[in-house]
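# Structure assessment
What follows is the residue order along each chain.
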There are 2 protein chains.
Amino acid sequence: MFQTTVLVVYGQIIMSTNDSTQTKILDAAEFLFAERGFAETSLRTITSRAKVNLASVNYHFGSKKSLIQAVFDRFLQDFTLQLSIRLNELEQEPASELKAEVLLGALIDPLLSLNKTRKNAVSIFMRLLGRAYAETQGHLRRYVTERYGHVLVRFTHLFQKGYPGLTNDQIFWRLHYMLGSLIFTLAGSDALRQISEADFNRSLEVKDVIQEMVPFLAAGMKA
Amino acid sequence: MFQTTVLVVYGQIIMSTNDSTQTKILDAAEFLFAERGFAETSLRTITSRAKVNLASVNYHFGSKKSLIQAVFDRFLQDFTLQLSIRLNELEQEPASELKAEVLLGALIDPLLSLNKTRKNAVSIFMRLLGRAYAETQGHLRRYVTERYGHVLVRFTHLFQKGYPGLTNDQIFWRLHYMLGSLIFTLAGSDALRQISEADFNRSLEVKDVIQEMVPFLAAGMKA
DNA sequence: AGTTGTTTGAAACATACGTTCAAAACAAGA
DNA sequence: TCTTGTTTTGAACGTATGTTTCAAACAACT
């Protein structure tokens, strides 16, 4: 008794809406979690925004903690699927082809493609990642790394193959730096703006921000 | 009625302890806030760790929100003071001297000097900054930027002077990237480790991590 | 020793939260 | 239409939280 619309072009899902209770909850939850944080968002706020009953969260997801995991799963399933397709291709390439720009592309393209599924999905996803990363204490990070960590390991191996002159330590940390720039910048691209002055004429498109970032990160990688 | 010990060498405060209730609360609060987050840390947990009465938080700081601000103030007063001394010097220098390594040093040295005041102060401070940054919604970021933003503006101007070939937009974003790497890396240097494999032999000292980061960031700045 | 202003202490308050429950509403098949 | 399994609903429960209150303890000064 809910409405589902799926727009498919040349076999690819371009946009889909799903008015089921579960989807309405996930949509409201991911927005509010990204906006305010996990602890700061109550189930009542979520169900109120989703226009569903409070009890339906526990009925469909079991608990608030499981809802948070479900929000991440929806993003990470899409993302890691696309990423591992790219990794499969790159793992066939010779080391000479594994330059930073190429490897970053394998990360960024799947990321940007998320915006095809939901509005502002990339910003929301990055904010959620930033928050999950801050949750040193919680079980969320453990859950994410246990479930999706193997993809990042493959990504690391490609960098090691492409940059044999760097030690494993250097690779590890530089990947760390790059992730930091990416998540930090995309999570709060509207944030640091108010720190600086107003006389900047910045392009706000996520795509442009990332495009601007690639040469910066690639240069650092070659340092 | 409380004990204060200040160790001064050649006119500089090397280490100081202060057993007043306010200090005990601040010490416990900054540790727990960094560890678990603001919302996830209750006043009862704080006062229990600090071994003071629950009501003393509201007596000395007014509210939990004000306590959070006070925690930041204690860090930022130390840090921005040291930073602005360095900025004063650098603002006298010719543009040719304002290279990325030098400017980053003006940021990093005051940062590292925080570890002289309290144990693990740098890591704690960076985690707090990461959390404050994630708090898009809250008033915390507004408070910090209104009170200490002018120092960052001066820092931005120095970069513009040192790198006249870059547009203001590029400067702005690249500073953004650098901050992301810095905060992200230092806030969770023990975090991404478990994602990757165990066969890395990483140095864990904050100082070393930062030292390793400078060439990476400087190369990006020159890209 | 007595007075005054400050700090601490134990208890209580009101509120917001995640979760549970049982009844009602609904959908689908016999 | 009756039955069965699923979903939605409104209300309630227990608990944890930030804050307030007011009396007791304390420190400094005369």
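Here we summarise the structure given alongside this text. (Residues numbered from 1 in each chain as written. Chains lettered and ligands numbered in written order. Predicted model: local features only at pLDDT ≥ 70, side-chain atom pairs only at ≥ 80, totals over all residues. Heavy atoms only, no water.)

## Quick word on the overall build of chain A
- Along chain A, the regular secondary structure elements total nine helices and two strands.
- Shown N-terminal to C-terminal, the secondary structure of chain A runs as helices and strands in the order β-β-α-α-α-α-α-α-α-α-α.
- Taking all 223 residues of chain A together, 53% fall into the buried category.
- Taking the intrachain contacts of chain A between residues at least 6 apart in sequence as the baseline, contacts between residues at least 24 apart amount to 68%.
- Total accessible area on chain A stands at roughly 10,600 Å², and carbon and sulfur atoms take up 54% of it. (Helix = DSSP H or I, 4+ residues; strand = E, 2+ residues; numbered from the N terminus. Buried < 20%, exposed > 50% of the residue type's maximum accessible area, 1.4 Å probe, protein only. Contact = heavy atoms within 4.5 Å. Areas by Shrake-Rupley, 256 points an atom, 1.4 Å probe, with all protein chains shown as cover.)

## Concerning the pattern of salt bridges
- Under the defined criterion, the tally for this structure stands at 16 salt bridges over all chains.
- Here the residues in one salt-bridge network are D27(A), E30(A), R74(A) and R118(A), joined through shared partners. (Salt bridge = Lys/Arg side-chain N within 4 Å of Asp/Glu carboxyl O.)

## A closer look at the side chain of R131(A)
All names here are of chain A.
- Among the structural elements, R131 can be located in helix α6 (residues 121–134).
- With no salt bridge to any partner, buried R131 finds its closest opposite charge in E40, at an N-O distance of 5.4 Å.
- Within the structure, the side chain of R131 is placed 3.4 Å from the backbone oxygen of E35, a separation counted as a polar contact. (Lys, Arg positive; Asp, Glu negative; His and termini not counted. Polar contact = N/O pair within 3.5 Å; in protein donor to acceptor, adjacent residues only side chain to side chain.)

## As for the side chain of S181(A)
- Locating S181(A) in the fold gives a position in helix α8 (residues 168–187).
- Residues in contact with S181(A), not counting those within four places in the same chain, are M213(A), L217(A), Y177(B), G180(B) and S181(B).

## Overview of the nonpolar core
- In this structure, L67(A) and L67(B) are the most contacted members of the largest nonpolar core, which totals 146 residues.
- Ignoring anything within four residues of it in the chain, the contact list for L67(A) reads I25(A), L26(A), A29(A), F33(A), L43(A), I46(A), V57(A) and F61(A). (Core = buried A, V, L, I, M, F, W, Y, C linked by side-chain atoms within 4.5 Å.)

## A closer look at unusual backbone geometry
Residue and element names in this part refer to chain A.
- Positive phi, close to 60°, is recorded for K51, a residue that is not glycine.
- With respect to the helices and strands, K51 occurs in the loop between α2 (43–50) and α3 (55–61).
- The backbone of N120 sits at a positive phi, close to 55°, despite the residue not being glycine.
- Of note, N120 is situated in the loop between α5 (100–113) and α6.
- The partly exposed category is assigned to N120, whose relative accessible area is 44%.

## Digging into the packing of helix α5 (residues 100–113) of chain B against helix α9 (residues 206–222) of chain B
All names here are of chain B.
- The contact between α5 and α9 brings their axes to 10 Å, and the two run at 155°. Considering their axes alone, α5 and α9 lie roughly antiparallel with respect to each other. At the point where α5 passes α9, the crossing takes the right-handed sense. Taken together, the residues of α9 that come into contact with α5 (itself represented by A100, E101, L104, I108, L111 and L112) are V206, K207, I210, V214, L217, A218, M221 and K222.
- By residue class, the composition of the contact of α5 with α9 is 11 nonpolar, no polar and three charged. (Axes fitted to C-alpha atoms, helices over the stretch in contact; angles between N-to-C directions. Parallel < 35°, antiparallel > 145°, perpendicular 65-115°, else oblique. Left-handed = near helix turned anticlockwise from the far one by under 90°. Nonpolar A, V, L, I, M, F, W, Y, C, P; charged D, E, K, R; others polar.)

## With respect to the packing of aromatic side chains
- What the rule picks out here adds up to 18 aromatic pairs over all chains.
- Aromatic pair F159(A) and Y163(A): ring centres 6.3 Å apart, planes at 20°, arrangement stacked. Here the two residues F159(A) and Y163(A) agree in accessibility, since each one is buried.
- Relative to Y133(B), the ring of F184(A) lies with its centre 3.9 Å away and its plane at 20°, an arrangement referred to as stacked. Taken as a pair, F184(A) in helix α8 and Y133(B) in helix α6 (residues 121–134) lie in two separate chains rather than in one. (Phe/Tyr/Trp six-rings, centres within 6.5 Å; stacked < 30°, edge-to-face > 60°.)

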